[in-house]
Amino acid sequence: MSPTDKPILLDVDGLSVSFATDRGMVPAVRDVSFRVREGEILSIVGESGSGKSVTLLSLLGLHDAKTTRVDGAVSFKGRPILDLPASRMRAIRGREIGLISQDPMTALTPVYTIGWQIAEQIRAHEAISARAARRRAIELLGEVGLSNPGEAVDRYPHQLSGGMRQRAVIAMALSCNPALLVADEPTTALDVTVQAQVLDLLLRLRKDFGSAIILITHDMGVVAEVAEQVAVMYAGRIVERGRTEDVFAAPLHPYTWGLMASIPPLTGARLDKLRSIPGMPPSPETIPAGCGFAPRCAFARSACAERPPLQKVGDQTALCVIGDDERPALRQTALPLEEIA
Ligand SMILES: Nc1ncnc2c1ncn2[C@@H]1O[C@H](COP(=O)(O)OP(=O)(O)O)[C@@H](O)[C@H]1O
Ligand SMILES: [Mg+2]
């Protein structure tokens, strides 16, 4: 089977999320759609505040239902999950979808050993003895690359380094052998060397366990390294989507150009040419009508005040007025370091 024939595991269709505030309902995520196939790695990339975490948390049922309105349809293994009762959703999260958060400390309790926490997680979903669960915890800690799992299992979170803690959280997320791992900026809090190790680990887990992975990041370099599919998010919308290979070869959206221009070169040289996108992403209250990126876009025009049309090149899509005829020349001015086909 080629990857595109694999069954769809998660199907998100028209997901919108609004928060109740003093100033009324504020839309933070609008009409977001994407699919993840079995065993596939999708990266959702965008600057801080783009709506990446809100998207994930709301589709996993981890939002505050009192203050959050979630619309659209989400199905997992063909079953709709948005309207499931909290208890059913919790069971799916523990057993079939593993969550790895940005800060390992929030996933771990300081007062218990990591072995105990992993074993508890296993026993919440599987009828096995405490002793068997502990054995499994040690195995998992070995699988995520802790060098002395038999000893680490009895450590408290504060006795481990940041990288080891993140590995322990990954072991916990893997404890039920989930079909889908969701990792929200899993390497942001780690130093560069450990970041690379954790990314390698995610790739190996996909190979060994066949888990699909949604990897959230603000770093286009991370996307290039691990993802097959990419969704670029800005101001609550997916502004570009496609196979990573296609998006890197010929990105369609000026926001994607900006993210690509800010990838540090591997050689470390020419840092003077490294650019970041001027300005800041809007908060949900201040997202303009029409194209959300227009205020920061070097190529904006009056038409950007309207909702941008969908551009399509094969499987790749973008929300932008820039058409095929003028795109190559504009892209060349935005991404002068790259020779793009
Ligand atoms: N519970 C909430 N109430 C109001 N606004 C929120 C809430 N949670 C997140 N936001 C806002 O939604 C926007 C998107 O946030 P988030 O998804 O966390 O961004 P990121 O892409 O960095 O993960 C941000 O501007 C954030 O301040
Ligand atoms: Mg986030």
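From a predicted model like this one, the values you see are computed outputs, not experimental measurements.

### Observations concerning the domain arrangement of the protein chain
Thinking step 1. Parsing the protein chain into structural domains produces domain 1 (3-96 + 178-334) and domain 2 (104-177).
Thinking step 2. Placing the centre of domain 1 and that of domain 2 at their C-alpha centroids yields a distance of 29 Å.
Thinking step 3. Across the boundary between the two partners, domain 1 contributes 17 residues, which contact 13 residues of domain 2.
Thinking step 4. Of the roughly 1,400 Å² buried between domain 1 and domain 2, counting both surfaces, carbon and sulfur atoms make up 66%.
Thinking step 5. On the domain 1 side of the contact with domain 2, Pro178, Leu201 and Phe209 bury the most area, a combined 37% of that side's loss.
Thinking step 6. Our enumeration of links across domain 1 and domain 2 arrives at zero salt bridges.
Thinking step 7. Between the two partners, domain 1 and domain 2, sit three residue pairs in polar contact (both at pLDDT 80 or more).
Thinking step 8. Breaking the side of domain 1 that touches domain 2 down by element, the ones donating at least two residues are helix H2 (86-95) and helix H8 (192-209).
Thinking step 9. The biggest single contributor to the side of domain 1 that touches domain 2 is H8, with seven residues.
Thinking step 10. Looking at the side of domain 1 that touches domain 2 residue by residue, the classes come out as 11 nonpolar, two polar and four charged.

### As for the packing of aromatic side chains
Thinking step 1. Within this structure, the stated rule accounts for five aromatic pairs.
Thinking step 2. Geometrically, the ring pair formed by Tyr234 and Phe293 is edge-to-face, given 5.1 Å between the ring centres and 80 degrees between the ring planes. Taken together, the positions of Tyr234 in strand E9 (residues 229-234) and Phe293 in the loop between helix H11 (254-261) and strand E11 (310-313) put the pair 59 residues apart, joining distant regions of the chain. The pair Tyr234 / Phe293 is uniform in exposure class, with both members buried.

### Description of the environment of Gln159
Thinking step 1. Topologically, Gln159 is positioned in the loop between helix H6 (149-152) and helix H7 (162-174).
Thinking step 2. What makes Gln159 partly exposed here is its relative accessible area of 40%.

### Points about the UniProt feature "domain: ABC transporter" (unreviewed entry) in the protein chain
Thinking step 1. Under the UniProt annotation, the feature "domain: ABC transporter" (unreviewed entry) is placed at residues 12-260.
Thinking step 2. Measuring from the first to the last C-alpha atom of residues 12-260 gives 26 Å, for a span that is 41% helix and 27% strand.

### Describing the sheet that holds strand E1 (residues 8-21)
Thinking step 1. Ordered by their spatial adjacency, four strands build an open sheet running E2-E1-E4-E5, and the pairing between neighbours is antiparallel. Single-partner strands in this sheet number two, and they are strand E2 (24-37) and strand E5 (79-80).
Thinking step 2. As judged from the 10 bridges shared by E1 and E2, these two strands associate in the antiparallel manner. When the bridges of E2 are listed, Val12 appears paired with Phe34.

The rules we used
- Residues numbered from 1 in each chain as written.
- Chains lettered and ligands numbered in written order.
- Predicted model: local features only at pLDDT ≥ 70, side-chain atom pairs only at ≥ 80, totals over all residues.
- Heavy atoms only, no water.
- Domains from an automatic or database assignment.
- Contact = heavy atoms within 4.5 Å.
- Buried area = accessible area lost by both parts, 1.4 Å probe.
- Salt bridge = Lys/Arg side-chain N within 4 Å of Asp/Glu carboxyl O.
- Polar contact = N/O pair within 3.5 Å; in protein donor to acceptor, adjacent residues only side chain to side chain.
- Helix = DSSP H or I, 4+ residues; strand = E, 2+ residues; numbered from the N terminus.
- Nonpolar A, V, L, I, M, F, W, Y, C, P; charged D, E, K, R; others polar.
- Phe/Tyr/Trp six-rings, centres within 6.5 Å; stacked < 30°, edge-to-face > 60°.
- Buried < 20%, exposed > 50% of the residue type's maximum accessible area, 1.4 Å probe, protein only.
- UniProt positions renumbered as here; feature names shortened; annotations may be inferred.
- Pairing = 2+ DSSP bridges.

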